[in-house]
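Residue strings, one per chain:
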Amino acid sequence: VDGNLSVVHQDNVQFDSELPEFGTQGGVHIHADSLTVTSPVLMWVKALDLILGKMKNAGFDFSRVKALSGSGQQHGSVYWRKGTNQVLRDLQPGKTLHELLKGGFAVSDSPVWMDSSTTEQCQYLETAVGGAQRVADITGSRAYERFTGNQIAKIYKAQPEKYEDTERISLVSSFAASLFLGSYAAIDYSDGSGMNLMDIFSKQWADSCLEATAPHLEERLGAPVHSSAVLGLLSPYHVTRYGFPEDCKVVAFTGDNPGSLAGMRLQEGDIAVSLGTSDTVFLWIKEPRPTVEGHIFCNPVDRSSYMALICYKNGSLTRERIRNKCAGGSWEVFSSVLRTTPTGNNGNIGIYFDAMEITPSAVGVHRFDKENTKVSGEIRALVEGQFLAKRVHAEKLGYKIIPGTRVLATGGASSNKDILQVLSDVFYAPVYTIDVANSACLGCGYRALQGDTNTPALNHQLILVFGLNHNSGFSWCYCRARTKDCACSSSPGPELKNAAIGTLMEIHVQSDSCCYSI
């Protein structure tokens, strides 16, 4: 991005097609147990060689780059072999990174966010620390299989010799930053919040979690830093090999979800809702209240704030099922029913969990009216029920609607203004649609500029941002978030703004397998 954070260029490396020698599908190896999912570390290194080579061959002027930052898929971890930090400091510009670092990793295949093989480690952590809620109170989330601390615990138990041979453990984000810095890069607060290891309030590693994970772990993690920290100057390797300026700064890399929050330019009180196959809610909050559902991370933009992330499995597929059942497969009819059914749906509400839901952990379809009998008006019951649940879960985590609150909507369903009108009514705030293509990279451009604020204006210089996700390899881009005109504003009656939400919070559903409340 340039000084105005405008698009200059973007490109990427596709793991499967451009690096076929690693034999990945979707950038990962899914193991025989179907639970263990890893990615080859050297594939990530070689992808960086390729993307920088593409830029050089395209005539990119590296000398204009004032600072760089980036994002990486959350939760994944990299295990540097003892002695590799010195290798990073002594990189020879005549060779590629993957040649120089071929023997640099104690674990050749890194566990990634798709891995769900650490149930035993999660149970142990929660028992050792004092329960799921206690783990959430400290780290922002209960113990999750994909979270880094539990992956580290598994490696320590199953492969103790590899753990012993590990000098430093990086997240994917800090690993990528290390390749540019020429030494081990610190983990930033925001990405570090997704490890089940960091106290999100003190922003230091939590002793109780470290002790339940592996011995001598703190020295292998290093001290975390704030998300816009300048880690140092770019490695001389890149200055010589590609022509970067000697004073180019490396700003801390972060996770893809925190990067997206920065890229969407959320502010205090804002909420971003992605309406796709699954629905995801991003929140900017000041006073977090961790629960066993949802996640709270340190905010990547404002050190005194936090962000929350809530995932829902039953999104567009459920909306499409009800469209097919009640509107003959027509979105036009679906929208017409929403428009002509009164706000609040005459007190009728529905809970639609076609597949096992994430938030909360439950399955089944339940319909209620004021007399707790079968509901009518199923289309509005579905849409209001989905959005009311999002508001209730957000408020449980500490979210507050304040003057100036905006709802930013993205994903396939954000093109339907009647669905967005319900979203606006539930949150009692205007809804804007937003283009979030490459939002994680974009957010890292903002943070790099934020980390470079002590220098003069950029003028004709550039901020370079890199992203490392699970299937597209290294990408780099220059882009600006585009918030479109307001799609709709709220005009709810009191029955939706107050009574219906109160009703939803009081619903308790007994199913065959569990009892849950919303």
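Residues numbered from 1 in each chain as written. Predicted model: local features only at pLDDT ≥ 70, side-chain atom pairs only at ≥ 80, totals over all residues. Heavy atoms only, no water.

Engineer: Residue-level account of the overall build of the chain, with values.
Structural biologist: What the chain contains, in helices and strands, is 20 helices and 25 strands. Each of the 518 residues in the chain was classed as buried or not, and the buried ones make up 59%. At a minimum sequence separation of 6, the contacts of the chain that also span at least 24 residues come to 74%. When the accessible surface of the chain is summed, it comes to about 19900 Å², and 49% of that surface belongs to carbon and sulfur atoms. (Helix = DSSP H or I, 4+ residues; strand = E, 2+ residues; numbered from the N terminus. Buried < 20%, exposed > 50% of the residue type's maximum accessible area, 1.4 Å probe, protein only. Contact = heavy atoms within 4.5 Å. Areas by Shrake-Rupley, 256 points an atom, 1.4 Å probe, with all protein chains shown as cover.)

Engineer: Account for the packing of aromatic side chains, with residues named and values stated.
Structural biologist: The tally for this structure, following the rule as stated, stands at 14 aromatic pairs. Seen from their ring centres, F62 and Y242 are 5.6 Å apart, and the 45° between their planes marks the pair as tilted. Remark: Y242 occurs in helix 13 (residues 236-242) and F62 occurs in the loop between helix 2 (41-57) and strand 4 (65-72); sequence separation between them is 180 residues. Among the residues examined, F62 registers a relative accessible area of 2% and is labelled buried. Here Y242 falls in the buried class, since its relative accessible area comes to 11%. An angle of 45° between the planes, with centres 5.7 Å apart, marks the rings of W80 and F175 as tilted. A residue pair is termed long-range when its members are at least 10 positions apart, and W80 in strand 5 (residues 77-81) and F175 in helix 9 (residues 172-181) qualify at 95 residues. (Phe/Tyr/Trp six-rings, centres within 6.5 Å; stacked < 30°, edge-to-face > 60°.)

Engineer: Describe in detail the confidence of the model for the chain, supporting the description with residues and values.
Structural biologist: In the predicted model, the chain carries a mean pLDDT of 87, and the fraction of residues at 70 or more is 85%. In this model, residues 454-459 is a region of pLDDT below 50 whose contacts with residues beyond four sequence positions or in other chains number eight contacts. In this model residues 477-483 is a low-confidence stretch, pLDDT under 50, and it forms 37 contacts with partners more than four residues away in sequence or in other chains. (pLDDT = per-residue confidence, 0-100.)

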